[in-house]
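# Observations on the three-dimensional arrangement
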Amino acid sequence: MATKHEQILNYIEELPIGSKISVRLIAKDLNVSEGTAYRAIKEAENIGFVSTIERVGTIRIEKKKKENIEKLTFAEVVNIVDGQVLGGRSGLHKTLNKFVIGAMKLEAMMRYTDKGSLLIVGNRVKAQEKALNAGAAILITGGFDTTDHVKQLADQYELPVISCSYDTFTVAAMINRAIYDQLIKKEIIIVDDIYTPLDDTFVLKEGDTIAKWYALNNETKHSRYPVLDDEQRVVGIVTSKDIIGKSDTLRVDKVMTKHPISVQTTTSLASAAHTMVWQGIELLPVVDEHNVFQGVITRQDVIKGLQNNQRQPQIGETIDDIVQKQLHYDEELSTFSTEITPQMTNHLGSLSYGVFASLMTEVCNQILKQQKTGDMVIENLSIYYMKPVQIGSHLTIVPQILELGRKFAKVDVQVLSNDELAGKAMIMTQFINR
């Protein structure tokens, strides 16, 4: 039997794309409290079924497919530019394919404006009408309104006309930034990319006996299995340690580890790897937001994912990518060097604390890889001295491995600027051995 929360989520999922959603309406239609309705709508927003827009409300949108992550819906554009919807609200769920800046003659502009475009333009009514007739949505800059005729066309074609107070350059930069951020997200490997799905996994039920564990072990050679209840929820995990010396007729729910650590499909690979190393776990159940079993992720899956991630071409550069590119290693001196660029500084023009930490982490990672260690997970990073370092300064970074074991390492890192001490840090790491 589905919970009220699940019933509301199913109800929202089945609504037509573009439908307006309100807490009061859902509470009334499904006979639930407004608090329950509100929590379910927020959950639906996190999943990607709905989008909430200021001065418009909450609407059902099409859930983005992963390969389409770099595209934005018009609803998201409204949020990005703090816009106001003047017409065509029913088309807010649609996805824009490209945006066109209307800074040319009308005929030239129309050559670039086609179905699925977003025309960014000022108070040029003729251009707005032509764009809507061509199947494009409109974003009016400068805070201008538009004519009733344009609003009627927008409603008729279900194409949003949005107004915002920013100028054209700022709006284009804001949309570009949003697309760029989504490209970075696209590169982040999550559990959903690498886990072994339900159909390919082996599980035990609460009522199964230890004899069933032995049967599965003979068949698969695995030693740990998730335990599920009748509703496919994960209630425990059974390993070889749990069944040693126990009778074959004993039920697994009497020996299993209850409330096991699990991850969701949206958990990042880095987070799953850290959990596995920290807890010493070989296998994690993968569940959805209702703790319903989806599959498993193993240490081998994590290692493979980390290796594949290192081979991916970079689309959107993060601070870590910039740091990595600008580090140069001197084999003779066993030191690293870099120059402080504008992207690496804070509002005062000196090296930011976050970039300093990234530099320490990357140096530590590279020096340990030379020792043929496994993939590194930072356990602790202590920066106990840091001096302001200005744009254009040349840094020399001197790492020293103090301890190196099979699973742990301790590294001391010194940073010099013009031969003067500019920073010191101590890093403790763990390894995911291949």
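Residues numbered from 1 in each chain as written. Predicted model: local features only at pLDDT ≥ 70, side-chain atom pairs only at ≥ 80, totals over all residues. Heavy atoms only, no water.

### Focus on the environment of aspartate 321
What counts here: For helices the rule is a DSSP run of H or I covering at least 4 residues; for strands it is a run of E covering at least 2, with both sets numbered from the N terminus onward.
As for its position among the elements, aspartate 321 is in helix H14 (residues 319-326). Sequence separation between aspartate 321 and lysine 372 is 51 residues; the distance between their C-alpha atoms is 22 Å.

### Things to note about the packing of helix H1 (residues 4-14) against helix H3 (residues 34-47)
Helix-helix packing is characterised by the crossing angle of the two axes and by the distance between the axes. Rules: Axis definition: a line fit to C-alpha positions, over the contact stretch in the case of helices; interaxial angles, taken between N-to-C directions, run 0 to 180 degrees. The cut-offs work like this: below 35 degrees is roughly parallel, past 145 is roughly antiparallel, 65 to 115 is roughly perpendicular, and the gaps in between are oblique. Take the far helix as the reference: if the near one is turned anticlockwise from it by less than a right angle, the crossing is left-handed, and if turned clockwise, right-handed. Between two residues, a contact is recorded if the distance between any of their heavy atoms is within 4.5 Å. Three classes are used, and their members are as follows: Ala, Val, Leu, Ile, Met, Phe, Trp, Tyr, Cys and Pro are nonpolar, Asp, Glu, Lys and Arg are charged, and the others, Gly among them, are polar.
Orientation of H1 relative to H3, taken along the N-to-C sense of each, is 55°, at an axis distance of 9 Å. The pairing of H1 with H3 is recorded here as oblique in orientation. Of the two possible hands of crossing, H1 and H3 adopt the one that is right-handed. Packed against H1, whose contacting residues are Lys4, His5, Ile8, Leu9 and Ile12, the element H3 presents Thr36, Ala37, Arg39, Ala40, Ile41, Glu43, Ala44 and Ile47 at the interface. Residue classes in the contact of H1 with H3 are distributed as eight nonpolar, two polar and three charged.

### Concerning unusual backbone geometry
The bulk of non-glycine residues show a negative phi, and the bulk of peptide bonds are trans. The backbone of lysine 221 shows a phi angle near 65°, a positive value even though the residue is not glycine. Structurally, lysine 221 can be placed in the loop between helix H10 (210-220) and strand E13 (224-228).

### Things to note about the side chain of threonine 267
Defined as follows: Exposed residues in this analysis have more than 50% of their type's maximum accessible area, buried residues have under 20%, and partly exposed residues fall in between, with area computed by a 1.4 Å probe over protein chains only.
For threonine 267, the position within the fold is in the loop between strand E16 (263-264) and helix H12 (269-279). Taking relative accessible area as the criterion, threonine 267 reaches 18% and is therefore assigned buried. If sequence neighbours within four positions are ignored, threonine 267 has contacts with Ile190, Val191 and Ala272.

### Examining the packing of H1 against helix H2 (residues 23-30)
Running from N to C, H1 and H2 point in directions that differ by 110°, and their axes come no closer than 11 Å. On the basis of their axis angle, the class for H1 and H2 is roughly perpendicular. When the axes of H1 and H2 are compared, the crossing they make is right-handed. Of H2, the residues touching H1 (which contributes Gln7, Ile8, Tyr11 and Ile12) are Ile26, Asp29 and Leu30. Residue classes in the contact of H1 with H2 are distributed as five nonpolar, one polar and one charged.

### Some remarks on the UniProt feature "domain: CBS" (unreviewed entry) in the protein
The condition is simple: UniProt positions are given in the numbering used here, feature names are shortened, and annotations may be inferred rather than shown by experiment.
The UniProt entry lists residues 195-254 and 256-314 under the feature "domain: CBS" (unreviewed entry), expressed in the numbering used here. Taken end to end, residues 195-254 is 25% helix and 25% strand, and its first and last C-alpha atoms sit 28 Å apart.

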